[in-house]
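Take a look at the letters that make up each chain.
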2 protein chains.
Amino acid sequence: MIKYPGSKKQYTKNTNSKDTSKRGMKLEEDINISNSIYRDRDIAVIYKKPTPIQIVDVDYPSRNKAKITEAYFKQASTTDYNGVYKGYYIDFEAKETKNKTLFPLTLLHSHQLDHLRQVYNNGAIAFLLIRFYTMDKTFLVLVKDLLEYLDNYSPKSLSLKWLESNGHEVFYRYPIPCDYISVIETLIKENV
Amino acid sequence: MIKYPGSKKQYTKNTNSKDTSKRGMKLEEDINISNSIYRDRDIAVIYKKPTPIQIVDVDYPSRNKAKITEAYFKQASTTDYNGVYKGYYIDFEAKETKNKTLFPLTLLHSHQLDHLRQVYNNGAIAFLLIRFYTMDKTFLVLVKDLLEYLDNYSPKSLSLKWLESNGHEVFYRYPIPCDYISVIETLIKENV
């Protein structure tokens, strides 16, 4: 949702961006800060993957400086985040909605779901982080639980109610803005 | 080694590239094909990460087509490859040398070694793939073994002899050009 060109505001230097333009980036920012703290404290090593770019032309105005002058965004084939926590392979996608009662599943791209399914089948701890930003609530949904629901009910969205029962709320724990590793730690202990 | 601008040939459409320009890409190609087969057969889910790019300016000639008109290569903070095999977090860097008797450690950037050390400390199966391309020999070196050697002897290179004793040769196993997962499977069974 966040990575694709979508809004020009994200890339241009001078923009009269309103508050709404930043909202979409807030969860990503929170996750990036959290990951950075996890790495600094040697708790987990998890990164956001770079956006895939198709480079067409590059200029070399000076010997050591390459300037890309023509390039295009490519469709990613994976999720945005992966890494390692206590030897476990962690893989997840992060999504935000301004909706107050449900998360529309159209926001989850099929390549993201396919990838999550495949890494889960290969032993990953795979999940979604979903934020309802008007209510400032964030849930972690294990792919296992998501797939069971999708396969049995083919829903078009995940209701807040469903998330409260089947997801796991993620909290801000100073100084970690989106402390999803605490949730994972609890789930590992419960052998989920 | 491979991802940075280095040679213009890599990006321009029409180039009179000589054989040497492709050599540097051969190990990467072999790994990408191997990973693609691993994914198709649901053996492992391992990807090469996109090259990180700093985007400065984007044009929108048409509604759904974003054209990046100014961007620069950024220094990566991780290795090139990671993913999951049987629940294990896999992380590695791939390097080639035309040298026939040793692999110069200057080819391994400090951020790559730091990252490999950190993921190893967090439970990853972390390693280097080193190819001597004039002899068509490829070795897998576990970061554990590499760090022990570096910490005790501060070598400037890894000799072919050292790699033959402390590394694990990786073979082409039809149709997998660089079947490093077989090596990992053996190492897991031996509880290394």
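Computed from a predicted model, the values in this text were never measured in an experiment.

Asks: Please explain the interface of chain B and chain A as it appears in this structure.
Replies: Quoted interface sizes are often the accessible area lost when the parts come together. Each side of the interface is counted separately: chain B has 47 residues, and chain A has 48 residues. For the chain B and chain A pair, buried surface summed over both sides reaches about 3900 Å², with 62% attributable to carbon and sulfur atoms. Here chain B and chain A share zero salt bridges between them. On inspection of chain B and its partner chain A, the count reaches eleven residue pairs in polar contact (both at pLDDT 80 or more). Elements supplying a minimum of two residues to the side of chain B that touches chain A: strand S1 (45–48), strand S2 (53–62), strand S3 (65–73), strand S4 (81–85), strand S5 (88–97) and helix H2 (110–121) of chain B. No other element matches S3 of chain B, which puts nine residues into the side of chain B that touches chain A. Here the side of chain B that touches chain A is built from residues that sort into 24 nonpolar, 14 polar and nine charged. Of the pairings in the sheet, the one linking strand S3 (residues 65–73) of chain A to S3 of chain B comprises four bridges and is antiparallel in character. Pairing of Tyr 72 of chain A across the sheet is with Lys 67 of chain B, part of S3 of chain B.

Asks: Just to check I follow, could you spell out the packing of aromatic side chains for this structure?
Replies: Inspection of every chain in the model, using the stated rule, returns 17 aromatic pairs over all chains. Where Phe 127 of chain A meets Tyr 180 of chain A, the ring centres are 5.9 Å apart and the plane angle is 50 degrees; that geometry is what we call tilted. Placement of the pair is Phe 127 of chain A in strand S7 (residues 125–132) and Tyr 180 of chain A in helix H5 (residues 180–189), with a sequence separation of 53 residues. Each member of the pair, Phe 127 of chain A as well as Tyr 180 of chain A, is classed as buried. With a centroid separation of 4.8 Å and an interplanar angle of 5 degrees, the aromatic rings of Phe 92 of chain B and Phe 127 of chain B are classed as stacked. You can see Phe 92 of chain B sitting in strand S5 and its partner Phe 127 of chain B sitting in strand S7 (residues 125–132), a full 35 residues away along the chain. Note on Phe 92 of chain B: relative accessible area 0%, which makes it buried. Given the relative accessible area of 0%, Phe 127 of chain B is considered buried. Ring pairs connect the aromatic residues Tyr 38, Tyr 81, Phe 92, Phe 127 and Tyr 180 of chain A, which therefore count as one cluster. Directly above the ring of Tyr 47 of chain B sits Arg 39 of chain B, whose terminal nitrogen or CZ lies 3.9 Å from the centroid.

Criteria and cut-off values
Numbering of residues starts from 1 in each chain and follows the order in which that chain's sequence is written. Chain A is the first chain written and ligand 1 is the first ligand written, with later ones labelled in order. Two thresholds apply to this predicted model, a pLDDT of at least 70 for residue-level local features and 80 or more for giving and counting side-chain atom pairs, whereas whole-chain, interface and lining totals are computed over all residues. As a convention, hydrogens and water are excluded, and side-chain values are obtained from all of the structure's heavy atoms. Contact criterion: two residues are considered in contact whenever any of their non-hydrogen atoms come within 4.5 Å of each other. Note: buried area is the sum, over both parts, of the accessible area (probe 1.4 Å) each one loses when the two are combined. Should a side-chain nitrogen of Lys or Arg be within 4 Å of a carboxyl oxygen of Asp or Glu, the pair is scored as a salt bridge. What qualifies as a polar contact is a pair of N or O atoms within 3.5 Å, subject to a donor-acceptor requirement within protein and to the restriction that residues adjacent in sequence count only when both atoms come from side chains. By definition, any uninterrupted DSSP run of H or I lasting at least four residues is a helix, any uninterrupted run of E lasting at least two residues is a strand, and each is numbered from the N terminus. For this classification, the nonpolar set comprises Ala, Val, Leu, Ile, Met, Phe, Trp, Tyr, Cys and Pro, the charged set comprises Asp, Glu, Lys and Arg, and every other residue, Gly included, is treated as polar. By this definition, two strands are paired if DSSP reports at least two bridges between them. Centre distance within 6.5 Å is the pairing criterion for rings of Phe, Tyr and Trp, where only the six-membered ring of Trp is used; planes under 30 degrees apart are then read as stacked, over 60 as edge-to-face, and the remainder as tilted. Remark: exposure states derive from per-residue accessible area (1.4 Å probe, protein chains only) relative to the maximum for the residue type, with buried under 20%, exposed over 50%, and partly exposed in between. Throughout this description, the term charge over a ring refers to an Arg CZ or Lys NZ atom that lies within 6 Å of the ring centre and within 35 degrees of the ring normal.

From the geometry alone we can't say anything about function, so treat these as descriptive.
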